[in-house]
Amino acid sequence: MPSEKVLKEKEAIVASIAEEIKNAATVVFVDARGLTVEKDTELRAGLRKAGVSYKVRKNTLTLKAVRELGLEGLEDFLKGPTAIAACPNLTDAAKIINDFSKENKAVEIKGGIMEGKAVNADTVRELASLPSKEVLIARALGGLNAPITSLVIALNAIAEKQEA
């Protein structure tokens, strides 16, 4: 039977994992078994630069945390070595890990959590293919701006025609 001290430490870890998952917009579960130290450091640096938390956690403690949060369907993702990438926005963690996994076959996306629901690896990869928020805003503004630009060009052509 574990001691009181060990139980309290584990409860604190479970609470920490639950808080991290609850505050993240997206969570990606990764199997990075076989990754060299250099490559792991490279992956961690890229994630840290984007503000993504990336930690290897015990599966049993992570399962307790997700159950406390009422999340289901994650048991299959939490088998074998698992690293958890928790991201404050929807796409950064998925993009970085997906791009990294294309170059490094040792990195495998197991699945994730998006908007409080379990999603499979294919959904995480689809999320990674989405353009960033800034690109989407620029596209929307460009779409709104196009009719106005066309109108200005047409009015300018009419004005030039009347002058001639």
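Everything in this summary refers to the structure shown in the same document. Nothing here was measured: the structure is a model prediction, and the numbers come from that model.

This part is about the overall build of the chain. If you tally the helices and strands in the chain, you get six helices and five strands. Listing every helix and strand of the chain by position from the N terminus yields α-β-α-β-α-β-α-β-β-α-α. Computed over C-alpha atoms, the radius of gyration of the chain comes to 23 Å, more than 25% over the 15 Å expected from 2.2 N^0.38 for 164 residues, which places it beyond the range of a compact globule. Seen through its C-alpha atoms, the chain measures out along the principal axes to roughly 95 × 35 × 25 Å. Counting all 164 residues of the chain, 33% fall into the buried class. Total accessible area on the chain stands at roughly 10,400 Å², and carbon and sulfur atoms take up 57% of it. Here the chain holds 24 positive side-chain charges and 23 negative ones, and the gap between their average locations is 4 Å.

Orientation of helix 1 (residues 4–23) relative to helix 3 (residues 59–68), taken along the N-to-C sense of each, is 55 degrees, at an axis distance of 8 Å. Of the possible angle classes, the one that applies to helix 1 and helix 3 is oblique. For helix 1 against helix 3, the interelement crossing comes out right-handed. For the pair helix 1 and helix 3, contact is made by Lys10, Ile13, Val14, Ile17, Ala18 and Ile21 and by Leu61, Thr62, Lys64, Ala65, Val66 and Glu68, respectively. Taken together, the residues of the contact of helix 1 with helix 3 sort by class into eight nonpolar, one polar and three charged.

Where nonpolar side chains cluster on the molecular surface, the patch consists of Ile137, Leu141 and Leu144 and spans about 310 Å² of accessible area. Relative to the assigned elements, Leu141 resides in helix 6 (residues 133–163). Judged by relative accessible area, Leu141 falls into the exposed class, the value being 52%.

How each quantity is defined
- Residues numbered from 1 in each chain as written.
- Predicted model: local features only at pLDDT ≥ 70, side-chain atom pairs only at ≥ 80, totals over all residues.
- Heavy atoms only, no water.
- Helix = DSSP H or I, 4+ residues; strand = E, 2+ residues; numbered from the N terminus.
- Rg over C-alpha atoms; globule rule 2.2 N^0.38 Å.
- Buried < 20%, exposed > 50% of the residue type's maximum accessible area, 1.4 Å probe, protein only.
- Areas by Shrake-Rupley, 256 points an atom, 1.4 Å probe, with all protein chains shown as cover.
- Lys, Arg positive; Asp, Glu negative; His and termini not counted.
- Charge placed at Lys NZ, Arg CZ, Asp CG, Glu CD.
- Axes fitted to C-alpha atoms, helices over the stretch in contact; angles between N-to-C directions.
- Parallel < 35°, antiparallel > 145°, perpendicular 65-115°, else oblique.
- Left-handed = near helix turned anticlockwise from the far one by under 90°.
- Contact = heavy atoms within 4.5 Å.
- Nonpolar A, V, L, I, M, F, W, Y, C, P; charged D, E, K, R; others polar.
- Patch = residues over 30% accessible without salt bridge, like charges linked within 9 Å, V, L, I, M, F, W, Y side chains within 5 Å.
- Salt bridge = Lys/Arg side-chain N within 4 Å of Asp/Glu carboxyl O.

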